[in-house]
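Overview (structure and organization)
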Amino acid sequence: MRLHVLDRGHSLGTKALLGVIRVVSGHPVVDAVKLALYRRDFYGAGDLTHEAMRGPSEWSVGDRELMAAFVAQSVKSPFCVAAHSATSSLWYHDSAKVTATLADLDTAPIEEPLRATLHLLGKLTSEHAIDTEDMRGVLAAGVSPTQIEDALAVGLAFGITARLANAFDFDLASPAAMTAGAKHLLRRGYR
Amino acid sequence: MTDISKLHRELVTRVLDSDATAPPQLRRAAFDGAGPDGPIAVLIDKVAHHADSVTDDDVTAVRAAGLSEDQIFEIMVCAAVGAADRQYTAALAALAAATGSLE
């Protein structure tokens, strides 16, 4: 972690909570949790992320976790790619699908509306811009306007999170810790 | 559909207007992807546009310019939130234009 305050600057109550998380999970606390619990009155984006990822949507939880992993890949955040690939794989019970999507979106075994939406999120994140023609293309692929809005909400949440994961230099947790984290995210979400 | 509109507004308000340690003008500049010349501007630009290229030296240089760890935390958060916010807002505008043109 690049800033010492994110490792050791939490309030006493939060330090106690981090200790409980460490004992209950059996793993070191991942850096994403340390960030989420640091000065929640300033950053505290957990509720926004939870609504984007677990609120009512025509996209499944697995689809939205895959979108998060895809956005993270566009931002080049290894931590977020690993965390949300694991979560999406667990939800789908299909890690090959997630791996194939991140490796080559054009040939991945996914439905066309999801493919078009991921292309949109990838372009938005990596090129910092999309236009009306891009949107028309996604709509023509059968994606509804509300589905696009929901996907953009995931893009917002993980456009922030993946940037911060890189900027603060999150440690890549062990595969076992990532799997434990993925199970937690499916059980409890992001709050 | 999900509804992040209120949570989104609240997040932006918190990082820009809450009682934090970095001056509001600096947080606003970071949110807008700008900043005073020198290491602070370099760090803000990297977080906003290629966060994977941020280095320990970038942060050390900002510390040397006089910012505390919490101030650095705040401007990095503002830079990330601002960059993602601009993309989100532009995309929603493109969607509105596209759906309007289809009607």
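Preceding this paragraph is the structure being described.
If you're wondering where the values come from, they're calculated on a predicted model, not measured in any experiment.

What counts, and where the lines are drawn
- Residues numbered from 1 in each chain as written.
- Chains lettered and ligands numbered in written order.
- Predicted model: local features only at pLDDT ≥ 70, side-chain atom pairs only at ≥ 80, totals over all residues.
- Core = buried A, V, L, I, M, F, W, Y, C linked by C-beta atoms within 7 Å.
- Buried ≥ 20, exposed ≤ 12 C-beta atoms within 10 Å, placed from the backbone.
- Helix = DSSP H or I, 4+ residues; strand = E, 2+ residues; numbered from the N terminus.
- Contact = placed C-beta atoms within 7 Å.
- Axes fitted to C-alpha atoms, helices over the stretch in contact; angles between N-to-C directions.
- Parallel < 35°, antiparallel > 145°, perpendicular 65-115°, else oblique.
- Left-handed = near helix turned anticlockwise from the far one by under 90°.
- Nonpolar A, V, L, I, M, F, W, Y, C, P; charged D, E, K, R; others polar.

In terms of nonpolar packing, the biggest core is built from 93 residues, with A:Val71, A:Val154, A:Ala157, B:Val47, B:Met76, B:Ala79 and B:Ala80 touching the most fellow members. Broken down by element, this core gets its largest block of residues, 16 residues, from helix H5 (residues 69–102) of chain B. Those residues in contact with B:Val47 that lie beyond four places of it in its chain are A:Arg163, A:Ala167, B:Val54, B:Met76, B:Ala79 and B:Ala80.

Another aspect to go through is unusual backbone geometry. Residue and element names in this part refer to chain A. Although it is not a glycine, Arg39 adopts a positive phi angle of roughly 45 degrees. Even without glycine at this site, Asp169 takes up a positive phi of about 60 degrees. Inspection of the secondary structure puts Asp169 in the loop between helix H10 (145–167) and helix H11 (175–188).

Attention now goes to the interface of chain B and chain A. Taken residue by residue, the interface counts 40 residues in chain B and 45 residues in chain A. Taken together, the elements giving at least two residues each to the side of chain B that touches chain A come down to helix H1 (5–17), helix H4 (56–64) and H5 of chain B. Among the elements that take part in the side of chain B that touches chain A, H5(B) stands out by supplying 23 residues, more than any other.

With that settled, consider the packing of helix H4 (residues 46–54) of chain A against H10(A). Residue and element names in this part refer to chain A. Closest axis-to-axis distance for the H4/H10 pair is 9 Å, and the angle between their directions is 140 degrees. If you check the angle between H4 and H10, you find them oblique. When the axes of H4 and H10 are compared, the crossing they make is left-handed. Across the interface between the two elements, Leu48, Thr49, Ala52 and Met53 of H4 pack against Ala153, Val154, Ala157 and Thr161 of H10. Residues that form the contact of H4 with H10 fall into these classes: six nonpolar, two polar and no charged.

Structural measurements only, silent on function.
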